[in-house]
Amino acid sequence: MSTEIREMSAVETATRTGSVIALAYSLELVNNVAKQPHESAEITHLGVPGDRHYGETRYSQSQRRRLKNDRPITIFGAEATRDACAKLGIEPVPPGGMGENLLTEGLGDLAYLKQGDRIEVLGENGEAKVVFEVQKQNDPCSNLRIYHKLMPKELMGKRGVICTVLQEGRVDVGDRVVAIQK
């Protein structure tokens, strides 16, 4: 796989390349955290149609009210969950098990990404077919304790990123991805 994906501007750097190894979305969460795996997903500015986090607004449990949806997509690196499970001595968490929409491999734990960085899903021609903008790191919630009581602690700073959608399109399992830092 080539790391030279496309011309980068002087202020951006392709830090890592990888692939989408799973897509997950569902209206209802399994065990209050997991989503159902799928082979493809249509990505819109509002998220993935049919996903619990899809829409213009979202319900904030901490604030107990509806807010503008600033977190329609969650992207998670498989390396982080594999590492956490190995350290905790537990079985691997299945795709979708962390509540992610996209599960990637090759991009690492995504802890290096900051607000304004991008993750691009590439088409066969190497051009971006879907573009996500990182809004923030996804803090691990206490619901992850269903896997192990220390899972939230193990994933602190490594539970992936919450993104908005800059360019809509279809994502398929097996698509190439690139992380671009500003």
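A short tour of the structure in this document, coming up. This is a predicted model, so every value here is computed, not measured.

The next subject is the overall build of the protein. Secondary structure assignment for the protein yields two helices and 12 strands. Overall, the protein shows an N-to-C arrangement of helices and strands of β-β-β-β-β-β-α-β-β-β-α-β-β-β. Computed over the C-alpha atoms, the radius of gyration of the protein is 16 Å, within 12% of the 16 Å expected from 2.2 N^0.38 for a compact globule of 182 residues. For the C-alpha atoms alone, the extent of the protein along its principal axes is close to 45 × 35 × 30 Å. Sequence separation of at least 24 residues holds for 71% of the intrachain contacts in the protein that already meet a minimum separation of 6.

With that settled, the discussion passes to the pattern of salt bridges. What the rule picks out here adds up to eight salt bridges. Where glutamate 105 meets arginine 82, a salt bridge forms, and the shortest distance between an N and an O atom there is 2.6 Å. Here arginine 82 lies in helix H1 (residues 78–88) and glutamate 105 lies in strand E7 (residues 102–105), a separation of 23 residues in the sequence. Here glutamate 105 falls in the partly exposed class, since its relative accessible area comes to 31%. A residue is classified by how much of its surface remains accessible, and arginine 82, at 42% relative accessible area, is partly exposed. With a shortest N-O distance of 2.8 Å, aspartate 172 and arginine 170 are connected by a salt bridge.

So, on to the side chain of asparagine 101. For asparagine 101, the position within the fold is in the loop between H1 and E7. For asparagine 101, the contacting residues outside a window of four places in its chain are Ala22, Leu23, Ala24, Tyr25, Lys35, Val48, Asp51, Pro72, Ile73 and Thr74.

The next point concerns the side chain of lysine 158. Secondary-structure assignment places lysine 158 in the loop between helix H2 (151–154) and strand E10 (161–167). At a separation of 3.4 Å, a polar atom in the side chain of lysine 158 contacts the main-chain carbonyl oxygen of glutamate 154. Setting aside chain neighbours within four positions, we find lysine 158 in contact with Phe76, Ala80, Asp83, Lys87, Asp109 and Ala111.

A few words on unusual backbone geometry. Despite not being glycine, asparagine 31 shows a phi value in the positive range, around 55°. Considering the arrangement of structural elements, one finds asparagine 31 in the loop between strand E1 (13–24) and strand E2 (37–38). A residue is classified by how much of its surface remains accessible, and asparagine 31, at 54% relative accessible area, is exposed. Its identity as a non-glycine residue notwithstanding, leucine 110 has a phi of 70°, on the positive side. Tracing the chain through its elements places leucine 110 in the loop between E7 and strand E8 (118–122). We classify leucine 110 as buried; its relative accessible area is 0%.

This brings us to the environment of glutamate 56. As for its placement among the helices and strands, glutamate 56 is situated in the loop between strand E3 (40–43) and strand E4 (57–60). By relative accessible area, glutamate 56 is classed as exposed at 62%. For glutamate 56 and proline 140, which are 84 residues apart along the polypeptide, the C-alpha to C-alpha distance reads 23 Å. Filtering out sequence-adjacent residues up to four positions away, glutamate 56 remains in contact with Leu46, Leu67, Lys68 and Asn69.

Ile43, Ile73, Ile75, Leu102 and Phe132 are the most contacted members of the largest nonpolar core, which totals 24 residues. Those elements that provide at least two residues to this core are E1, E3, strand E6 (73–77), E8, strand E9 (128–137), E10 and strand E12 (176–181). With residues up to four places along the chain from it excluded, the contact list for isoleucine 73 reads Ile43, Gly47, Val48, Asn101, Leu102, Phe132, Val161, Ile162, Cys163 and Val165. If you look at the next biggest cluster of nonpolar residues, it comprises 15 residues, including Val33, Ala80, Cys85 and Leu88.

What counts as what
- Residues numbered from 1 in each chain as written.
- Predicted model: local features only at pLDDT ≥ 70, side-chain atom pairs only at ≥ 80, totals over all residues.
- Heavy atoms only, no water.
- Helix = DSSP H or I, 4+ residues; strand = E, 2+ residues; numbered from the N terminus.
- Rg over C-alpha atoms; globule rule 2.2 N^0.38 Å.
- Contact = heavy atoms within 4.5 Å.
- Salt bridge = Lys/Arg side-chain N within 4 Å of Asp/Glu carboxyl O.
- Buried < 20%, exposed > 50% of the residue type's maximum accessible area, 1.4 Å probe, protein only.
- Polar contact = N/O pair within 3.5 Å; in protein donor to acceptor, adjacent residues only side chain to side chain.
- Core = buried A, V, L, I, M, F, W, Y, C linked by side-chain atoms within 4.5 Å.

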